[in-house]
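Breakdown of the fold
Listed below, chain by chain, are the residues.
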Amino acid sequence: MNKAKTLSTLLILVLSVFNNHASAQCAISGKVTDSLSAPVSFITVALLKEDSSIYKGEFTGEDGAFCFSKTDKASYIIKISAVGYTNYYSEKISYDSTTPSIKLNDIVLKKSGVTLAEVTINTIKDPIEFKGGNITVNVEDSPLAVGNTAYDLIARLPGVMVEGDNISIQGKSGVRVYINDRVQQLSGPQLTNFLRSMSASMIEKIEIINNPPARYDAAGGAGIINLKTKRIKITGPSGGLNYTFSQGFYSTNNGGFSFNYKGKKITFFSNTGFYEGLRRQENNMENHVTYNGTTTTMDQKSHEIDAGRYLTIDLGADWYVNKTNTVGVKAQIVPGHATRTYNGNTSMSDNSIGYNQLLYNRPVSNNWLLCNFNVNAEHVFDTLGTTKLKFSTDYYGPYYDNYNAFYQNRFIGSDGIDTMEAKTFKTTNNLGVTILASRLDFEKSFKNDLSFEAGIKQSNQSAWSDYTFENKDSLTGNYIADSIYTNRFKYNEQISSAYISMDKQYKKFNFRAGLRAENTNIHTESLTNSIKYNRQYLNVFPNLSADFNPDKNNSLSLSYNRRINRPDYNAFNPFRSFNNLLSSSEGNPYLLPTYDNNFNFNYVYKRKISNNLSYSYLQNPIQGGYITQNDSTKETVSHIANLRQLNIIRYNFFLRQEIKKWWTVSFLAGAYYIDYNGTVNGLEYTAQAIPWYTRLTNIFTIKKNTKIEVSGFYWSPWLGNTTVFQERMGLSMAVKQSLLNNSLNISISLNDAFFTEQFRQKSDIQNQNWSSYEAHDSRRLNISLSYTFGKIKAQQRDTKENDEEKSRLGH
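Residues numbered from 1 in each chain as written. Predicted model: local features only at pLDDT ≥ 70, side-chain atom pairs only at ≥ 80, totals over all residues. Heavy atoms only, no water.

Looking at the sheet that holds strand β32 (residues 576-580)
Keep this limit in mind: For two strands to count as paired, DSSP must find a minimum of two bridges between them. Each helix corresponds to a stretch of at least 4 residues labelled H or I by DSSP, and each strand to a stretch of at least 2 residues labelled E; elements are numbered beginning at the N terminus. Every angle, taken between N-to-C directions, lies between 0 and 180 degrees, and every axis is a line fitted to C-alpha atoms, over only the stretch in contact when it is a helix.
Ordered in space as β32-β33-β37-β36, the 4 strands form an open sheet in which the pairing is mixed. Of all the strands in the sheet, the pair left with one neighbour each is β32 and β36 (622-630). Direction aside, the axes of adjacent strands within the sheet are offset by 25° on average. Here 3 bridges tie strand β33 (residues 583-586) to strand β37 (residues 635-642), and the two strands are oriented parallel to one another. Residue pairing in the sheet places Ser 585 in a bridge with Ser 638 of β37.

Dropping the structure here:
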């Protein structure tokens with residue numbers, strides 16, 4: 001508490017110093033209104049030179065005000081363009097730098113004869129954009145995005161690999177998923193379910209942020225995947241309907257409805273999405289186990305059927321109290337239910353453990369509910385918005401995630417007869433989490449193209465797990481608790497943080513420097529086996545970057561940042577989770593955080609060609625999925641632990657080219673060198689590899705309202721911890737037809753046309769020699785319909801919210 005008070009005091013002192021410079025920031029300023037004197041918000045204002053070339057551009061604020069700072073001595077003309085209004089051109093304006101500022105009279109726009117409903121905008125965004133080492137994928141107008149979920153889109157991002165519940169970027173784990181700059185407080189299977197409940201129709205673009213500024217939480221060493229939802233700034237009602245039928249091995253349905261209203265004082269926004277259907281996954285594994293000179297071959301075949309129903313409800317409102325104050329509220333409710341049925345058999349070449357075949361069945365029932373409530377406020381110290389103070393607080397709760405699993409195991413001999421009594425047991429795992437997180441941010445823009453940010457944040461997270469393991473008594477039929485595997489676990493975490501950041505534009509250079517400090521306190525305790533510890537650590541995370549733009553065709557940037565990857569409470573929990581009697585996994589209460597140092601260089605030519613080179617050095621990298629094997633019992637256990645270090649050198653090349661007016665190509669190729677170093681199962685372990693990948697996307701625009709997209713990718717074999725993955729590839733295609741002035745869209749797409757997006761891996765270290773095959777229900781035909789009114793979704797005001805904690809919850 002004292003630390004939080006100290007951070008608050010420091011920030012207040014900083015605010016008092018910098019607020020003294022709030023005046024005289026604009027060289028040329030003014031306000032745009034309509035004929036009724038109402039402000040015209042969020043429209044483009046261009047400052048033209050005498051030759052009509054654009055010198056600068058700005059957007060009007062909520063109150064219709066605009067501001068041009070640091071303007072050279074010259075004569076200018078102001079041009080204003082807005083849908084529904086005639087273009088406005090001012091008289092010539094002469095600016096002399098000796099004059100502090102020019103305040104124009106209010107500019108009144110005249111209505112045009114064209115209404116919004118009659119306007120069709122056919123701008124085509126680049127499918128992939130590179131800037132400062134970060135990647136932006138524009139999916140709003142992509143035919144291939146239609147009908148998919150957010151999970152599907154992330155799995156197809158350049159350089160991103162999604163294997164089940166694990167997301168990595170170019171070999172690095174520890175990815176944080178954000179939505180509208182809000183990190184989601186989920187991880188593992190819980191995050192997967194949430195992303196599958198989110199329709200791609202809600203998403204405008206996806207950002208892969210490799211160099212986040214200091215205002216972002218330091219967590220996420222591999223980078224940030226930020227989903228930006230669709231939004232607009234048009235007054236009045238807007239919304240839409242969408243529905244997709246998808247057929248793979250089984251069928252699924254997803255869709256949603258949104259309704260929004262933006263008025264002068266109140267903005268309301270809402271969105272409801274649903275998912276329902278079946279998905280199938282096949283898993284095969286061949287394992288060769290040698291014990292006492294005899295090698296046993298184990299052939300495991302299994303499949304999983306996942307029947308899920310997910311619902312996502314988002315509601316929110318902003319109240320524009322006056323020109324300088326805004327208050328907002330948001331609520332998110334995500335209920336869901338899934339029934340996963342696992343059936344499989346493991347055949348063995350001998351009966352060294354008493355049987356030749358293990359038949360198993362495992363139905364799992366999973367229910368969850370996630371609720372998030374947010375209150376935020378913003379105060380603008382001047383009408384031009386150069387000085388802002390923002391506050392946001394989030395409460396996550398009630399949050400629960402319940403699993404009930406039933407295991408049946410039969411032991412069959414070579415003659416097909418049971419060799420021993422069947423073993424039946426069941427498990428129940430009740431998870432609960434509450435989080436309270438608050439932050440305060442200050443932003444200040446000075447003259448001479450200098451900006452300043454500072455902020456503080458406090459988060460408190462409590463999580464608990466009640467895991468019960470019960471064996472069935474074959475005589476009585478009763479279930480008896482097993483004290484070895486039953487586990488009750490508690491986890492408490494407090495993180496206090498503060499940051500400061502400055503950005504300076506100087507001629508053709510832009511410099512940014514930031515520093516973030518985070519103090520972490522963790523207490524974990526297993527109430528069953530008395531494992532507990534307290535951990536406290538204070539870290540600082542610098543962020544430095546420099547951009548150089550010698551001319552309009554060339555751009556260079558250099559950056560460095562330090563980040564952290566904290567284990568989530570799922571990873572800490574030491575309970576044993578069983579796939580079957582011979583295969584299980586467990587957490588590690590002694591995990592250390594990973595520290596990630598990143599250096600990045602980027603060169604862009606004409607916004608068409610991008611070259612990116614980066615180096616990452618990781619200390620204590622967290623590596624999950626490494627296996628220990630008992631040669632005598634043939635049992636394997638999947639673990640999570642820290643290695644000593646990890647080095648990664650990466651290179652990316654990107655090219656976008658318009659072959660014809662109707663044909664645009666985007667090409668991405670990348671390679672990286674990865675070097676693991678540490679101990680595995682108590683023995684020294686080192687491994688190196690140089691994987692590479694490529695992606696080619698073709699967009700064909702047929703006539704005005706028809707678009708075809710064909711995209712393919714290839715990954716060479718790559719190294720994942722202690723396993724080697726085989727090559728992977730895929731081809732997808734889609735066609736989209738727009739009708740009724742783009743209000744109605746019909747799309748048909750085929751994902752993974754040749755069913756090649758499967759995972760194959762093998763391991764040959766120490767006493768292990770196995771290979772596996774994992775096939776998802778990835779080849780799917782999607783048929784989608786969407787209808788929008790009021791054009792697009794209402795603008796949700798950007799707020800800095802508290803979601804770093806949510807990314808480590810679980811769903």
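A closer look at a nonpolar patch on the surface
Applicable threshold: Two distance rules govern patches: like charges are joined within 9 Å, and nonpolar side chains (Val, Leu, Ile, Met, Phe, Trp, Tyr) within 5 Å, applied only to residues with over 30% relative accessible area and no salt bridge. All accessible areas in this document rest on Shrake-Rupley with a 1.4 Å probe, and a residue is counted as covered only by the protein chains that are shown. Salt bridges, as used here, are contacts in which a Lys or Arg side-chain nitrogen is within 4 Å of a carboxyl oxygen on Asp or Glu. Summary of the burial criterion: residues with accessible area below 20% of their type's maximum are buried, those above 50% are exposed, and those between are partly exposed, where the area comes from a 1.4 Å probe applied to protein chains only.
Together, Leu 241, Phe 257, Phe 259, Tyr 261, Phe 268, Leu 315, Leu 739, Leu 740, Ile 746, Leu 785 and Tyr 787 make up an exposed nonpolar region whose accessible area comes to about 970 Å². The leading source of residues in the nonpolar patch is strand β19 (residues 251-262), at 3 residues. In this fold, Phe 257 is placed in strand β19. For Phe 257, a relative accessible area of 40% translates into the label partly exposed.

Details of the pattern of salt bridges
Overall, the coordinates contain 13 salt bridges when judged by the stated rule. The shortest N-O distance in the salt bridge between Arg 516 and Asp 217 comes to 2.8 Å. In this pair, Arg 516 is assigned in strand β29 (residues 509-526) and Asp 217 in the loop between β16 (203-209) and β17 (223-229), connecting sequence segments 299 residues apart. This pair shows no difference in class: Arg 516 is buried, exactly as Asp 217 is. We note a salt bridge from Arg 410 to Asp 418, for which the minimum N-O separation is 2.7 Å. Look at Arg 410 and you get partly exposed, because its relative accessible area is 38%.

Considering the packing of aromatic side chains
The line we're drawing: For Phe, Tyr and Trp, rings pair up if their centres lie within 6.5 Å, where Trp contributes its six-membered ring, and each pair is then called stacked (planes under 30 degrees apart), edge-to-face (over 60) or tilted (otherwise). Only Lys NZ and Arg CZ are tested; either one counts as a charge over a ring when it is within 6 Å of the ring centre and within 35 degrees of the ring normal.
By the definition in use, this model includes 32 aromatic pairs. Summarising the aromatic geometry, the rings of Tyr 178 and Tyr 216 are spaced 5.6 Å apart at their centres and angled 65° between planes, so their arrangement reads as edge-to-face. One end of the pair, Tyr 178, is in strand β14 (residues 175-179); the other, Tyr 216, is in the loop between β16 and β17, and 38 residues separate them in sequence. By the burial criterion, Tyr 178 is buried, and Tyr 216 matches it. With a centroid separation of 4.7 Å and an interplanar angle of 20°, the aromatic rings of Phe 425 and Phe 469 are classed as stacked. Of this pair, Phe 425 sits in strand β25 (residues 423-446) while Phe 469 sits in strand β26 (residues 450-472), and the two are 44 residues apart along the sequence. Grouping residues by exposure puts Phe 425 and Phe 469 together as buried. Ring pairs connect the aromatic residues Tyr 407, Phe 425, Phe 469, Tyr 485 and Phe 578, which therefore count as one cluster. When the ring centre of Phe 249 is taken as reference, the NZ or CZ atom of Arg 280 above it lies at 4.5 Å. Between Arg 728 and the ring centre of Phe 759, over which it is positioned, the NZ or CZ distance is 4.1 Å.

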